[in-house]
Amino acid sequence: MAVTRLAASDEGVRRAGAALAAGDLVAFPTETVYGLGADGTNPRAVANIYRVKGRPADNPLILHVADAAAAEALAREWPDDARRLAERFWPGPLTLVVPARAAVPAVVRGGLDTVAVRCPSHPVARRLLAAAGVPVAAPSANRSGHPSPTTAEGVARALGGPTTPDVTVWLVDGGPSSIGVESTVVDVSGGRPLLLRPGGLPTTAIEGVVGALGTPAAGGPARSPGMRYRHYAPDRPLVLLAMDPEAAVAALAREGARDRWPKARSGLLAPRRIVEAAGWPAAVSLGDSPHEAAAALFEGLMTLDRWPGLDRLVAVWNNQEGVGGAVMDRLERAAAEVVQA
Ligand code: AMP
Ligand code: MG
């Protein structure tokens, strides 16, 4: 499939808007990660997103809109909690699940009677939404199950290749995504709001507006189908050390000299202090804060996954503060094994 790049100029964004109208796919930057977009009113175009990603048909997509009024137009009901959260946090990294109007194509909703809506803040995404004039259905621009790209280069690497030759993909290059993990998804479609996915907007900020969030009942109907699937995984097996710095440095020193994670063949993704203390040859820093870690996370996983001579990866993270909770969630889902202190 050919991926054709466009600059984020007026002309590039205009061409991307026209491509959406013609039923093509457009990968575009948002503040969370890059999205792979289609005209959300065109079921055939939306179906191509699933084909290109290899995404299970029952994993619904988020509709991206320019403002809360456009989101409300897609909803059968616009609950009070939706109004309050949209007023406080849009545009931004928050997705709301609300009852869907029947006019929202079933392929977007994964067959559910709800729809996920988000108003992104990235200036290029906002210009593209204005040019498109329709809701844009967009999941992350990776192949299903793999880390989400946060740069245009990452999208080109993830989506390039011989699959789905009949689909045209355009790629608007807007530089790196500032947040680096996907949006927080909250279900406000009935009763107490539920946290379906931690993400770029810290849960505590949302709870400050609507009170404590519930979590979907285990074993009940799938409220967030996407969370059932394997996610974010690099090709090489990843071990997550969910440990404080001291314990992690000790474990890395011990195991780095042995068979489990020999440092010559293992890549390390960890907060800067730990990377410096460990001194492994293949290492990527997650910086000094949860915010820096989120921004570095997916690109770091993919960098280590391409690093020559490695056959396993080790990540260190144990911080739920702010966006740290989303970093933990992504690493737990990416990991083949989680080791606690
Ligand atoms: P992605 O676009 O790849 O970041 O994934 C979107 C996430 O939103 C997935 O976890 C979906 O399961 C979730 N989602 C989208 N639409 C709905 C919906 N109607 N109800 C519940 N979860 C949804
Ligand atoms: Mg995704």
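Criteria and cut-off values
- Every chain is numbered independently, its residues counted from 1 as its sequence is written.
- Here every chain gets a letter starting at A, and every ligand a number starting at 1, in the order they are written.
- Totals for whole chains, interfaces and linings use all residues, but because this is a predicted model, local features are given only for residues with pLDDT of at least 70 and pairs of side-chain atoms are given and counted only at 80 or more.
- For side-chain calculations, the full set of non-hydrogen atoms in the structure is used, while hydrogens and water are omitted.
- Under the scheme used here, helices are H or I runs from DSSP no shorter than 4 residues and strands are E runs no shorter than 2 residues, and both carry numbers assigned from the N terminus.
- Whether a residue is buried, partly exposed or exposed follows from its accessible area with a 1.4 Å probe, protein chains only, as a fraction of its type maximum: under 20%, in between, or over 50%, in that order.
- Note on definitions: a residue-residue contact is assigned when non-hydrogen atoms from the two residues lie within 4.5 Å.
- By definition here, a salt bridge exists when the distance from a side-chain nitrogen of Lys or Arg to a carboxyl oxygen of Asp or Glu is within 4 Å.

(A) The arrangement of the environment of Ala100 in detail. Tracing the chain through its elements places Ala100 in the loop between strand S5 (94–99) and helix H5 (106–109). Taking relative accessible area as the criterion, Ala100 reaches 6% and is therefore assigned buried. On a C-alpha basis, the gap between Ala100 and Ala116 in space is 8.5 Å, while along the polypeptide they are 16 residues apart. Apart from residues lying up to four places away in sequence, Ala100 is in contact with Leu74, Arg76, Arg109, Asp113, Thr114 and Val115.

(B) Inspection of unusual backbone geometry at higher detail. Omega for the bond connecting Trp90 with Pro91 falls within 30 degrees of zero, at -5 degrees, which places this linkage in the cis form. Tracing the sequence through the fold places Pro91 in the loop between helix H4 (80–89) and S5. Backbone geometry places Tyr232, a non-glycine residue, at a positive phi of 60 degrees. Relative to the helices and strands, Tyr232 resides in the loop between helix H8 (203–210) and strand S11 (238–242).

(C) Molecular detail of the pattern of salt bridges. By the definition in use, this model includes 20 salt bridges. Notably, a salt bridge pairs Arg272 with Glu276, separated by 3.2 Å at the nearest N-O pair. Separated by four residues within a single helix, Arg272 and Glu276 lie in helix H10 (residues 272–278), roughly one turn from each other. By relative accessible area, Arg272 is classed as partly exposed at 33%. Among the residues examined, Glu276 registers a relative accessible area of 52% and is labelled exposed. It is possible to trace a salt-bridge network through shared partners that takes in Glu182, Asp329, Arg330 and Arg333.

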